[in-house]
Structure formats: structure tokens, C-alpha cells
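One letter stands for each residue in the lines below.
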Amino acid sequence: MSITDQAIAANQAYAKDFKLGHLAMPPARKLAIVACMDARLTVEQMLGLKTGDAHIIRNAGGIVTEDAIRSLIISHHLLGTQEFVIINHTDCGMLTFKDDELRAKLEQTTGTATIAPVHFHAFSDLEQNVRQQMQRVKSHPWIPKEIPVRGFVYDVKTGRLGEVKEGRTASAPVG
Ligand SMILES: [Zn+2]
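These numbers were taken from a predicted model, which means no experiment stands behind them.

Focus: the pattern of salt bridges
For the structure shown, the criterion picks out nine salt bridges. Across the salt bridge formed by arginine 40 and aspartate 91, the nearest N and O atoms sit 2.8 Å from each other. On the criterion of sequence distance, the pair formed by arginine 40 in the loop between β1 (31-36) and α2 (43-47) and aspartate 91 in the loop between β3 (83-89) and α4 (99-110) is long-range, its members being 51 residues apart. With a closest N to O distance of 3.9 Å, glutamate 163 and lysine 165 form a salt bridge. Given a relative accessible area of 56%, lysine 165 falls into the exposed group.

Structure below.
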């Protein structure tokens, strides 16, 4: 039995006792989250969320890519979310390589160069990466300025979230 077959079997048990068919499409808590896909992050559990509460947009690194922005715009403008959260985490795989190295390795092993993905978005500074993602959201002209965008690093050893304060720009208040 493949892993997928095991998962499908688990779904049959899940559906037998299913009681969530009444949920509405818009997230009940009006929250949208961009988080890393890392298997150790159970985003709902770490934030006390239930099915139907929030949009959770996940990719390698918790990066605000063009596609994540697309989802956030739909999340807010069509489905009413009012607060955004970015979650990166300690021991992230994206800290372990560099875009150019991975590209070179893949080109070598496959013998093929490609036009996509343009970036893998590997990074070396976790907090700086979170700040950059917050800035990408905040600077988008279709994301209203009044939407709070907060960033966090989740510690995979303790389960705790640590908030990342916004950039050190010249005009930022001290303290
Ligand atoms: Zn990660």
C-alpha cells in the first residue's frame, strides 16, 4: 500500500464521522497566514485555529511569492480576511542552500536548463527574511494599508512563536 493509498484509507474513516459540511467559505476568524510548508508546522494547532477559521497559504520558506500575493488579494477582497500573518521557522530547509548552487546542481543532474522557477527564494537570515515578506505584502498596491501584517519565527524545538518586529528603517521609532 503506497503512502497515498494509506492517506486515502484514512480519509474514508474521516468522512464517516464528518460534521463540518455546514462551514461557510469565508474564513470565520478573518485571518490569512503565509507559512512554510515544513512538515513540523501544524499551523492550525499552533495558533488555536479550527477548520474554517483561516486561509493558510504554504510554500517552501513561507515566501510572499507572486502566487502568495495572488492568494492574499483574493483572501481579502473576495473572502473578507482582515489580518495577515507570516510564519517562518527555525531549522528551515531554505537556510541550507543557495539558489545558484541548487540551480547548477539541477541543471547538471538533469542536463536541462529551464526558465522556471526563476527563484527558489533560499535565504540566510531568518528574521530578515520574515521582514522582507512583510514588506512585500505591505507594499503591494492592492493590499489596503490598514491590514495588519505581522511576522513570526516558530521554534520547532519549543513550539513557540517569536514575533519579528518590522524593519530597521531610518524613520522607524526606537524601542
Ligand atoms: Zn521551512
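After that view of the structure, there is still more to cover.
Examining the confidence of the model for the chain
Overall, the prediction assigns the chain a mean pLDDT of 95, with 95% of residues at 70 or greater. The low-confidence segment residues 169-175 (pLDDT under 50) makes one contact with residues lying over four places distant or belonging to another chain.

A few points about the side chain of serine 75
Tracing the sequence through the fold places serine 75 in helix α3 (residues 66-77). Apart from residues lying up to four places away in sequence, serine 75 is in contact with Ala32, His55, Gly80 and Thr81.

Describing the environment of valine 149
Within the secondary structure, valine 149 is located in strand β4 (residues 149-154). Assessed through its relative accessible area of 4%, valine 149 is described here as buried. Among all residues touching valine 149, those that are not within four sequence positions of it are Phe84, Ile86, Met134, Val137 and Lys138.

Side note on the nonpolar core
Ranked by size, the top nonpolar core spans 37 residues in total, and within it Ile33, Leu41, Leu72, Phe84, Ile86, Ile87 and Val137 carry the most contacts. Taken together, the elements giving at least two residues each to this core come down to β1, α2, β2 (54-59), α3, β3, α5 (126-138) and β4. Sequence-distant contacts of isoleucine 33, that is, excluding residues within four places in its chain, are made with Val43, Leu47, Leu49, Ala54, His55, Ile56, Ile57, Val85 and Ile87.

What counts, and at which threshold
- Residues numbered from 1 in each chain as written.
- Predicted model: local features only at pLDDT ≥ 70, side-chain atom pairs only at ≥ 80, totals over all residues.
- Heavy atoms only, no water.
- Salt bridge = Lys/Arg side-chain N within 4 Å of Asp/Glu carboxyl O.
- Helix = DSSP H or I, 4+ residues; strand = E, 2+ residues; numbered from the N terminus.
- Buried < 20%, exposed > 50% of the residue type's maximum accessible area, 1.4 Å probe, protein only.
- pLDDT = per-residue confidence, 0-100.
- Contact = heavy atoms within 4.5 Å.
- Core = buried A, V, L, I, M, F, W, Y, C linked by side-chain atoms within 4.5 Å.

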